[in-house]
Amino acid sequence: MIEPSYYLSNIVQELKPSGIRKFFDLAAGMEGVISLGVGEPDFVTPWNVREACILSLEQGYTSYTANAGLIELRKEISHYLKNLTNIEYNPHNQVLVTVGGSQALDISLRAIVNPGDEVIVIEPSFVSYASLVTLAGGIPVPVQTTGDMEFKLQPEELEKAITEKTKAIILCSPNNPTGTCLNKKELEMIAEIIEKYDLLVISDEIYAELTYDEAYTSFVSIKGMEERTILVSGFSKGFAMTGWRLGYIAANPEFLNAMLKIHQYSMMCAPTMAQYAAIEAMKNGKEDVIHMKKSYRQRRNLFVGALNDIGLTCHVPGGAFYAFPSIQKTNLTSEEFAEQLLMEEKVAVVPGNVFGKSGEGFVRCSYASSLEQLQEAVRRMQRFVESRT
Ligand code: PMP
């Protein structure tokens with residue numbers, strides 16, 4: 001009998017499993033659960049996009065594509081980004097098609113991090129950031145944001161965390177888990193610090209399509225930031241394509257080339273049929289995206305209003321599909337709240353502490369569920385909150 005743990009790398013042994021999965025697994029074993037736990041659209045990918053994939057299979061396009069992805073898709077992405085950010089990325093050497101935003105984040109970090117480099121992660125944050133930094137050999141340095149400031153990064157807090165070893169920061173606007181969006185002025189204040197300390201930014205803009213109040217501003221469009229920013233995005237959220245596993249990176253050619261080296265050895269290329277579907281999504285997906293966005297906005301308004309009505313105070317999230325209410329009034333920790341709510345009322349939410357220290361005292365609720373389900377979830381949550389106050 002071997003002792004498997006003897007063979008495992010230290011980094012992997014020390015890595016904590018994602019706190020979200022635990023609640024998924026618990027909820028999956030129960031009946032009648034309303035899940036506000038998952039971070040994905042409730043829409044099926046629009047039919048024309050699925051059809052484009054089917055057509056590509058019928059035509060027999062089942063081989064590898066170029067490592068960086070189909071040039072036709074890269075051209076579409078470049079065109080799309082021009083409209084979104086006003087920056088022209090050369091599809092031949094500045095765009096790389098990846099296996100989801102997840103792989104885009106992974107290879108962005110592996111391309112820039114040397115052992116011991118620090119990468120700043122703004123908390124509450126998407127659960128993968130800190131672990132991906134660790135896997136790349138770096139040290140994740142958390143910077144906290146607070147509910148009173150609607151979880152907006154305060155430039156002085158960022159500045160305090162910077163040391164000689166800081167290489168980069170990871171920004172995410174609209175944010176998972178808080179839904180917070182940073183406007184142009186707020187991004188400019190961050191950019192000043194980035195410039196002052198000569199840092200890089202990995203800008204995760206995977207929720208860019210889903211902003212509801214203010215016009216979207218990409219970090220790359222802030223003066224001087226294009227060359228310092230690795231733009232990470234993908235099709236999962238805005239285009240309702242989580243299962244297709246397709247994302248992309250846009251960055252200056254040297255960075256892109258470094259990532260391409262990792263990508264060609266570890267992944268070869270993103271799935272071919274998904275790339276054909278994505279071409280259709282970029283070419284003809286605009287109206288569907290607008291339709292989905294309208295629907296999320298309506299649900300956000302209803303759900304966030306209802307949470308505030310039952311005493312779970314919540315700022316109005318400007319984007320993505322998450323509400324991040326405070327559970328302070330129940331005097332429970334976020335883990336206790338999520339676990340007891342699931343067991344007693346069969347509503348699954350994610351405890352805020354899995355997103356970092358400043359997530360404690362909050363829970364993440366995804367409102368990418370039907371209006372009926374959201375209304376029923378609020379009724380159950382109200383009963384739960386009343387029983388605890
Ligand atoms: N970034 C953020 C902020 C996310 O929320 C997610 C998905 N939950 C991803 C990246 C990765 O998405 P995917 O790999 O499906 O493109």
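Just above, that's the structure.
Residues numbered from 1 in each chain as written. Predicted model: local features only at pLDDT ≥ 70, side-chain atom pairs only at ≥ 80, totals over all residues.

## Some words on the sheet that holds strand β4 (residues 139-144)
Argument step 1. Taken in spatial order, the seven strands of this open sheet run β2-β8-β7-β6-β5-β3-β4, and their pairing is mixed. Looking at the sheet topology across the chains shown, the edges are occupied by β2 (95-98) and β4. Averaged over all adjacent pairs, the angle separating strand axes in this sheet is 20 degrees, with direction ignored.
Argument step 2. Where β2 and strand β8 (residues 247-250) come together, four bridges link them in antiparallel fashion. (Pairing = 2+ DSSP bridges. Helix = DSSP H or I, 4+ residues; strand = E, 2+ residues; numbered from the N terminus. Axes fitted to C-alpha atoms, helices over the stretch in contact; angles between N-to-C directions.)

## Digging into unusual backbone geometry
Argument step 1. Cis peptide bonds are those with omega within 30 degrees of zero, and the linkage from Ser 173 to Pro 174 qualifies with -5 degrees.
Argument step 2. A cis geometry characterises the amide bond from Asn 176 onward to Pro 177, with omega recorded as 20 degrees.
Argument step 3. Relative to the elements of secondary structure, Pro 177 occurs in the loop between β5 (166-172) and α9 (184-196).
Argument step 4. Non-glycine residue Asn 331 carries a positive phi angle of around 60 degrees.
Argument step 5. Within the element layout of this structure, Asn 331 appears in the loop between β9 (322-323) and α13 (334-345).
Argument step 6. Taking the number of C-beta atoms within 10 Å as the measure of exposure, Asn 331 has 10 and is therefore exposed.
Argument step 7. One non-glycine residue, Lys 346, adopts positive backbone phi at about 55 degrees.
Argument step 8. As for its placement among the helices and strands, Lys 346 is situated in the loop between α13 and β10 (347-348).
Argument step 9. Classification of Lys 346 as partly exposed rests on a count of 17 C-beta atoms within 10 Å. (Buried ≥ 20, exposed ≤ 12 C-beta atoms within 10 Å, placed from the backbone.)

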